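Working through the structure, step by step
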Amino acid sequence: SWQTVPLAPPDSIFKLTAAYKVDKFDKKINLGVGAYRDNDNKPWVLPVVKKANELLLSNPNIDHEYLPITGLPEFTSAAAKLILGSDSPAIKEGRVSSVQTISGTGANHLGALFVSRFYSWGGDKEVFLSDPTWVNHHAIFKNVGVTPKTYPYYDPATIGLDYDGLMASLNSAPPRSIYLLHACAHNPTGVDPTKEQWAKIADLMLEKGHYAFFDCAYQGFASGDLEGDAWAVREFVRRGVSLLVCQSFAKNAGLYGERVGALHVVSPTQETGARVTSQLSVLQRSEISNPPTYGARIVSLILNDPALFEEWKRDIVTMAGRIIEMRKQLHHLLTVELKTPGNWDHIVNQIGMFSFTGINPEQSKALTEKAHVYLTVNGRISMAGLNTHNIRYFAESLDQTVRG
Ligand code: PMP
């Protein structure tokens, strides 16, 4: 058996990291990786996570029993409040079904599986994804028999949002279509709608009866403000758009490998919510039986203890602040010092970990081959890979690449 299994290509991001690792050049830079690095290019364990960890280890009552199928209750309820708001009427009315998942990827998968089983489509069984999006979105929906379609999102001419294209898609899609929306800090472009645009998107989705499948992988990490980064999701709930939210604690708590996340489905009534929860439990049981304990316990301690929560907010500001500072410095180097041809305002206008530089695939490849700067060929850079030691070298390399 397996003689006919074709060889799959390696994952492009992991391939990039492998090439970076074997490169001997002393000024090499890895801007492919989607994880926070401190100013010395080291992974950062959040001080609040260290504290929560110590509390956990010193607790003699911790055991290794299974969690309930839907996860650690004090984690899922606090996680729902974090994204939907502590005073969320939907939570108070008992209309939110929350399930602990294998980080954001698991939340996307469970959400996709749930809609694939239970959503009543107006047209074909398909989902609209932004063009471009996190590549895994395509695979996740295909895996559960939902066909990925794309909607216009990024406009290369402005290095900004193709708002008209997005609205035209919402208008022309079959009624009751599912749209996957990035709650904040769009990956890979770093381009988000403004509040006014979000409001218009919500209005049109309501009018067409579309369903919002929100993916929220960067709450707090985007702007340093947990509340602000949740604005779009809360506004959609307030306006009554049908939706679910996938939530990840990988970036904002630096818990990448611990796989902490949740799926929250908002239903119109408590009674519907109970049925949704029951079906999510059935799906979860057959997939993973029950989620892992460690990361959920850490996040639960942080979310439920006011002092730890305040400390977490400060840690988030440290991460988001360093990234915003790198944006400012890169913009200054390109526009003021090097006078690099072109407009670079998008570097400071984009939000979150990633920035679409606007350079083309040939230029991206040249940056890697000539300057040992590793980035995806679409010109996306991870701002977290820049620091005060390497930013000048990067700006100079980008400048030379653009000048050709
Ligand atoms: N959604 C988006 C848009 C992402 O960028 C990521 C992380 N790259 C995820 C979901 C999932 O990440 P994780 O499974 O590590 O939480």
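Residues numbered from 1 in each chain as written. Predicted model: local features only at pLDDT ≥ 70, side-chain atom pairs only at ≥ 80, totals over all residues. Heavy atoms only, no water.

Within the element layout of this structure, A371 appears in helix α15 (residues 361–371). The buried category is assigned to A371, whose relative accessible area is 10%. In this structure, A371 is in contact with F25, A366, Y393 and S397, ignoring residues within four places of it in sequence. (Helix = DSSP H or I, 4+ residues; strand = E, 2+ residues; numbered from the N terminus. Buried < 20%, exposed > 50% of the residue type's maximum accessible area, 1.4 Å probe, protein only. Contact = heavy atoms within 4.5 Å.)

With respect to spatial proximity, 13 residues lie near the ligand, and among them S103, T105, N187, D215 and S248 are the closest. One of the side-chain nitrogen or oxygen atoms of T105 is found 2.5 Å away from an oxygen atom of the ligand. Between the ligand and Y218 there is a distance of 2.7 Å, counted from an oxygen atom to a side-chain nitrogen or oxygen. Out of a free accessible area of 400 Å², the ligand has 89% covered by protein chains. In a pocket analysis with a 2 Å cut-off to the grid points, the ligand is assigned to the largest pocket. Take the shell around the ligand: its biggest share by element is 3 residues, from helix α5 (residues 103–118). For the shell around the ligand, the per-class residue count stands at 4 nonpolar, 6 polar and 3 charged. (Near = heavy atom within 4 Å. Polar contact = N/O pair within 3.5 Å; in protein donor to acceptor, adjacent residues only side chain to side chain. Areas by Shrake-Rupley, 256 points an atom, 1.4 Å probe, with all protein chains shown as cover. 1 Å grid on protein atoms, 1.4 Å probe; cavity = no way out; pocket = protein on both sides within 12 Å on 5 of 7 lines; lining within 4 Å. Sits in = over half its atoms within 2 Å of the grid points. Nonpolar A, V, L, I, M, F, W, Y, C, P; charged D, E, K, R; others polar.)

With that settled, consider the sheet that holds strand β4 (residues 147–152). On the basis of which strands lie adjacent, the open sheet formed by 7 strands has the order β2-β10-β9-β8-β7-β3-β4 and mixed pairing. Strand pairing shows two members of the sheet lacking a second neighbour, β2 (96–102) and β4, which therefore form its edges. Strand-to-strand twist in this sheet, taken as the mean axis angle between neighbours without regard to direction, amounts to 25 degrees. One ladder, built from 5 bridges, connects strand β7 (residues 178–182) with strand β8 (residues 211–216); its direction is parallel. (Pairing = 2+ DSSP bridges. Axes fitted to C-alpha atoms, helices over the stretch in contact; angles between N-to-C directions.)

Among the 6 residues of strand β3 (residues 126–131), 5 are classified as buried, and the element is accordingly described as predominantly covered. Bridge analysis of β3 against β4 gives 6 bridges, and the strand direction is parallel. Residue S130 lies in a different strand from β4, and its bridge partner there is Y151. Once you follow β3 into helix α6 (residues 136–143) and on to β4, the crossover reads as right-handed. By the bridge criterion, 2 bridges tie β3 to β7 in an arrangement that is parallel. (Right-handed = clockwise from strand over helix to strand, strands pointing away.)

The next point concerns the domain arrangement of the protein. Domain parsing of the protein yields domain 1 (12–44 + 320–403) and domain 2 (73–304). Inter-centroid distance (C-alpha atoms) of domain 1 to domain 2 is 29 Å. In this complex, domain 1 contributes 18 residues to the contact, which on the side of domain 2 involves 18 residues. Across the domain 1/domain 2 interface, buried area totals approximately 1,400 Å², and carbon plus sulfur atoms make up 67% of it. Sorting the residues of domain 1 by area buried against domain 2 places I351, F354 and F356 first, and these three jointly supply 39% of that buried surface. Seen at the junction of domain 1 and domain 2, the total is 0 salt bridges. At the surface where domain 1 touches domain 2, the tally comes to 4 residue pairs in polar contact (both at pLDDT 80 or more). Put simply, the parts of the chain that give the side of domain 1 that touches domain 2 at least two residues each are α13 (306–337) and β11 (354–356). Taken together, the residues that form the side of domain 1 that touches domain 2 break down as 9 nonpolar, 8 polar and 1 charged. (Domains from an automatic or database assignment. Buried area = accessible area lost by both parts, 1.4 Å probe. Salt bridge = Lys/Arg side-chain N within 4 Å of Asp/Glu carboxyl O.)

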